[in-house]
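Now for the letters of each chain:
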Amino acid sequence: MRHFLADDDLSSAEQLAILDLADALKTTPYRLDSFAGPRTVAVLFDKPSTRTRISFETAIAELGGHPMIMDTAISQLGRGESIGDTARVLSRHVAAIVWRTSGQERLQDMADNAQVPVINGLTDQYHPCQALADLQTIREQKHQLAGLTLAYVGDGANNMAHSYLLAGSLAGMHVRIGAPAAFQPDPEIVNRAQHLASSSGGSVQLLHEAKEAVLDADVVATDTWISMGQEHSRRDREAIFMPYAVTTALLDLADREAIVLHCLPAYRGKEIDAAVIDGPQSAVWEEAENRRHVQKALLSFLDEQAEVA
């Protein structure tokens, strides 16, 4: 059974095929009815969500399916039922499972016990559906992926940095992470990204200065400095990351045709200037829309793989 738990669960060819299908679905939204019936897709949330819920719920409906949205806090899973038992029950009723949770090991436990595809809707370690949407956005704006330089600045230890490393390397991009020394990516994920880059023609750089990371970059990306569960350390984190804010001055160091990405929610005046996110180089709103298109393509791909298996 194929699952999508991390960005490198796809091959380069599969990633490209999903992006191609996402482009086609953006142009002709109802060309596929992969979940007609309607077949049900369970979309589970341990954490608050706006874009993940909106995009998956809409995507499943546009594929002819029924999105079953579950707040796990009011399910038996939230009261201590095992993840394995939940996976076994869900597999008897649904065609796929999407889960937005905390630890990656929880998602892995779900996949290990499910008889249907499981998709990572966000964990503390990866945000692979967002990274796919970002790749679609970059390709729309730049007409290519391989050979481009993507600079991510901010918290290099968070899920977006990890997914950019893996997804960007898989696509043949040159991925730079600009982050404080204490907030560099997980070394094991860096090793995986470097291995992917060695095959795709991409590269990986870990840098400590935002200016160095952004210099001549084709894409500049950032994320909130305060991820869910880190609110208690807001003041300390803001002081640490202030030099990594995507200001107009920082963006001026990038390629003059560079685009800006942010997975949202954004906090203007913190990790990104209002003049940048609302400015002419921002592709943030296309990026938010593209979540729906890539997720439709991903769901259809995994469903087809499940039928073959």
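Just so we're clear, the structure is a prediction, and the values are computed from it rather than from any experiment.

Draft legend 1. The arrangement of helix α12 (residues 284–308) in detail. Given a rise of 1.5 Å per residue, 25 residues ought to cover 36 Å, and the 36 Å separating the end C-alpha atoms of α12 matches this to within 8%. At N290, α12 is bent by approximately 30 degrees, the largest bend along its length.

Draft legend 2. Molecular detail of the pairing of strand β9 (residues 259–262). Residues I259 and L261 of β9 are buried on one face, and the alternating residues V260 and H262, pointing to the opposite face, are buried as well. Judged from the four bridges that link them, strand β8 (residues 219–222) and β9 form a sheet pairing that is parallel. Pairing of T222 across the sheet is with H262, part of β9.

Draft legend 3. Seen up close, the confidence of the model for the chain. Per-residue confidence for the chain gives a mean pLDDT of 96; residues scoring 70 or more make up 97%. Per-element averaging of pLDDT across the chain places helix α9 (residues 234–241) at the bottom with 86 and strand β5 (residues 149–153) at the top with 99.

Draft legend 4. Region of interest: the sheet that holds strand β2 (residues 66–71). Strand order in the open sheet made by the four strands is β2-β1-β3-β4, with parallel pairing throughout. In the strand order of this sheet, the two ends are held by β2 and β4 (118–122), each with one partner. Here the average twist between neighbouring strands, direction ignored, is 20 degrees. Pairing of strand β1 (residues 40–45) with β2, which is carried by six bridges, proceeds in the parallel orientation. For L44, the partnering residue across the bridge sits in β2 and is M70.

Draft legend 5. Focus on the pairing of β5. The element β5 is extensively covered by neighbouring structure, given that five of its five residues are classed as buried. Side-chain alternation along β5 places T149, A151 and V153 on one buried face and L150 and Y152 on a second face that is also buried. The pairing of β5 with strand β6 (residues 174–178) spans five bridges and is parallel. If you follow V153 over to β6, its bridge partner there is G178. Remark: the β5/helix α6 (residues 159–170)/β6 crossover connection has right-handed handedness. Pairing between β5 and β8: three bridges, direction parallel. Bridging from a neighbouring strand, A151 pairs with V220 of β8.

Draft legend 6. Molecular detail of the nonpolar core. Core analysis: the biggest nonpolar cluster contains 58 residues, and I119, I138, M173 and L299 have the highest contact counts within it. In terms of residues, this core owes the most to one element, α6, which gives seven residues. Dropping the residues within four chain positions of it, L299 is found in contact with F35, V41, F56, I60, L63, A96 and I119. Counting residues in each nonpolar core, the second largest holds 26 residues, with A210, V214, A266 and I272 among its members.

Each value, and the rule that gives it
Residues numbered from 1 in each chain as written. Predicted model: local features only at pLDDT ≥ 70, side-chain atom pairs only at ≥ 80, totals over all residues. Heavy atoms only, no water. Helix = DSSP H or I, 4+ residues; strand = E, 2+ residues; numbered from the N terminus. Expected span 1.5 Å × (residues − 1). Bend = angle between axes of the 7 residues up to and from the residue. Buried < 20%, exposed > 50% of the residue type's maximum accessible area, 1.4 Å probe, protein only. Pairing = 2+ DSSP bridges. pLDDT = per-residue confidence, 0-100. Axes fitted to C-alpha atoms, helices over the stretch in contact; angles between N-to-C directions. Right-handed = clockwise from strand over helix to strand, strands pointing away. Core = buried A, V, L, I, M, F, W, Y, C linked by side-chain atoms within 4.5 Å. Contact = heavy atoms within 4.5 Å.

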